[in-house]
Amino acid sequence: MSCSMINKFIIFLVGLIVVLQVVHITLLSRLDRDRGRSPSSIQAEGGERFSPREGRRLAGSSSTSRGNLRKSSAKLSKGSLDVSGQYRIHNFYIRSDDAANGDVQLEDATLVTQCSVQNLYHIVELSVRWDGPVSVAIFAPGENAAFADDIVGGLRRCYPLIRKYVSFHLVYPTSREAIIYEESPTLLNTPCQDILHLAKYHKSATLNYGAEKEPYPNNLLRNVARQGSSTEFIFVVDIDMLPSEKLRTDFVHFALENRLFDSRTSLVSDHLDTVYVVPAFELQLNASIPKDKTELLETLQQGQARPFYRDICWKCQSSTDYDKWTAAKSSSKRRLDVAYNVTWKDPWEPFYIGRWSVPLYDERFKQYGFNRISQVCELHIAGYGFSVLDRAFLVHKGWKTVTDFHASKDEENSRNRLLFRQFKNELKVKYPDTDRRCY
């Protein structure tokens, strides 16, 4: 091969390499632009760098979690440990706009709930129905926290009521620290109509109870969410239940008329130790969700609704006296009123609206069984009365059946039954001057 041919071949190779480099740089530039940042720009406050998908552990971190299009950043402190030292808690991981601006009034009621990551999508309907302050504790071990961060950011971007009203708190085991990605692009450009589908069906989401190695600490989560409220009254519900329409505004009106917010007057003294029971029902999955008592009664007549837990644990709900409630006529003077009073009887576990000062839930109860009834039992021992509201109700979407439960349910129930016996003996010591008992 002549020298000129060799020179031409070398020039051709050099030119080809230059072209390939230009193409490579162009592709990288487009990729970074699509991500909205270059990898080298992902940096914590202290100057520590993270690769685009390198996780940032919350515990001990001073970084800022920006989430997706989250304008008001949430500082992530070291959090706090629960009493057992097994769980780390980040109160107000994300504050609602109302909470951040100091717009939550004492004379109001907060809906309090808790969930695993996969059930976060329920908060959309809850925020609409409640139309007021909501406090949610999320159980998010490991990378579930990253998914929760994505979903919460997406929900706040797409649903103004969630941004306005809902405060979120994170809880996870110290043995499995939560991880959040510095600026995950997962939901940055996801259309709002797809957010709920992704929240519900994403494979990384964790189910309650049997799907995780860590026990689901439902009572700890309830307490965390409760402590995230700043109103006089709270309404602790499961996240897959919906209240009747305008329940919050009707209850606030009822409380104002009865001067329940002014505990300094003698007029309210009889109500200080009263909780207000909200009857709960189950709906067929294809049934329309009733807005008010009239619609609910029609749904009951059509066989598309029934009392909550009727086939699972009827004695757990029967003391509500559903026949009496359905027959009760609402007062013409108020939008909401007390229909009748009920004396607590084991093992009744009603849902109720009560003051923020009601006893906390015992955090030793985890997984399935006796977690709510233990707290209601203490209400009874502590001297509380139970007044059933005439128009208020809760609905659970779908029948509750035996086949719905996870495989270890019976084992957990037996274990918690033994704990409940111990708990009742402890109440005798805690309340020595009462003759009330939990049986």
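Trainee: Would you explain the pattern of salt bridges in this entry?
Mentor: For side chains bearing opposite charge, pairing can occur when the charged atoms are close. According to the stated counting rule, one finds 15 salt bridges in the structure shown. D98 is paired through a salt bridge with K164; the nearest N and O atoms lie 3.2 Å apart. Residue D98 is found in helix α2 (residues 97–100), and its partner K164 is found in helix α5 (residues 160–165); the two are separated by 66 residues along the sequence. Residue K164 is classed as partly exposed on the basis of its relative accessible area, which comes to 33%. In this structure, E125 and K397 form a salt bridge, with 2.6 Å as the shortest nitrogen-oxygen distance. One end of the pair, E125, is in helix α3 (residues 123–130); the other, K397, is in strand β18 (residues 394–397), with 272 residues separating them in the sequence. Among the residues examined, E125 registers a relative accessible area of 35% and is labelled partly exposed. By relative accessible area, which is 24% here, K397 ends up partly exposed.

Trainee: Would you mind going over empty space enclosed by the protein with me for this structure?
Mentor: Scanning the entire structure with this criterion turns up one cavity of 30 Å³ or more. The calculated volume of the largest cavity comes to roughly 40 Å³. Taken together, V236, P350, F351, Y352, Y361, R372, Q375 and V376 make up the full set of residues lining the largest cavity. Looking at the lining of the largest cavity, the element that brings in the most residues is helix α11 (residues 371–381), giving three residues. For the lining of the largest cavity, a count of residues per class yields six nonpolar, one polar and one charged.

Trainee: Explanation requested: the layout of surface pockets in the structure shown.
Mentor: Vacant regions in the atomic arrangement are exposed by a probe of water-molecule size rolled over the atoms. Taken as a whole, the second largest pocket holds about 310 Å³ of empty space. At the level of elements, α8 (247–257) and α9 (293–301) are the ones that each hand at least two residues to the lining of the second largest pocket. If you tally residues by element for the lining of the second largest pocket, the top one is α9, at three residues. In the lining of the second largest pocket, the residues fall into six nonpolar, four polar and eight charged.

Conventions used here
- Residues numbered from 1 in each chain as written.
- Predicted model: local features only at pLDDT ≥ 70, side-chain atom pairs only at ≥ 80, totals over all residues.
- Heavy atoms only, no water.
- Salt bridge = Lys/Arg side-chain N within 4 Å of Asp/Glu carboxyl O.
- Helix = DSSP H or I, 4+ residues; strand = E, 2+ residues; numbered from the N terminus.
- Buried < 20%, exposed > 50% of the residue type's maximum accessible area, 1.4 Å probe, protein only.
- 1 Å grid on protein atoms, 1.4 Å probe; cavity = no way out; pocket = protein on both sides within 12 Å on 5 of 7 lines; lining within 4 Å.
- Points joined across faces, edges and corners; volume = space filled by probe spheres on them.
- Nonpolar A, V, L, I, M, F, W, Y, C, P; charged D, E, K, R; others polar.

Remember, this is a structural readout, not a statement about activity or role.
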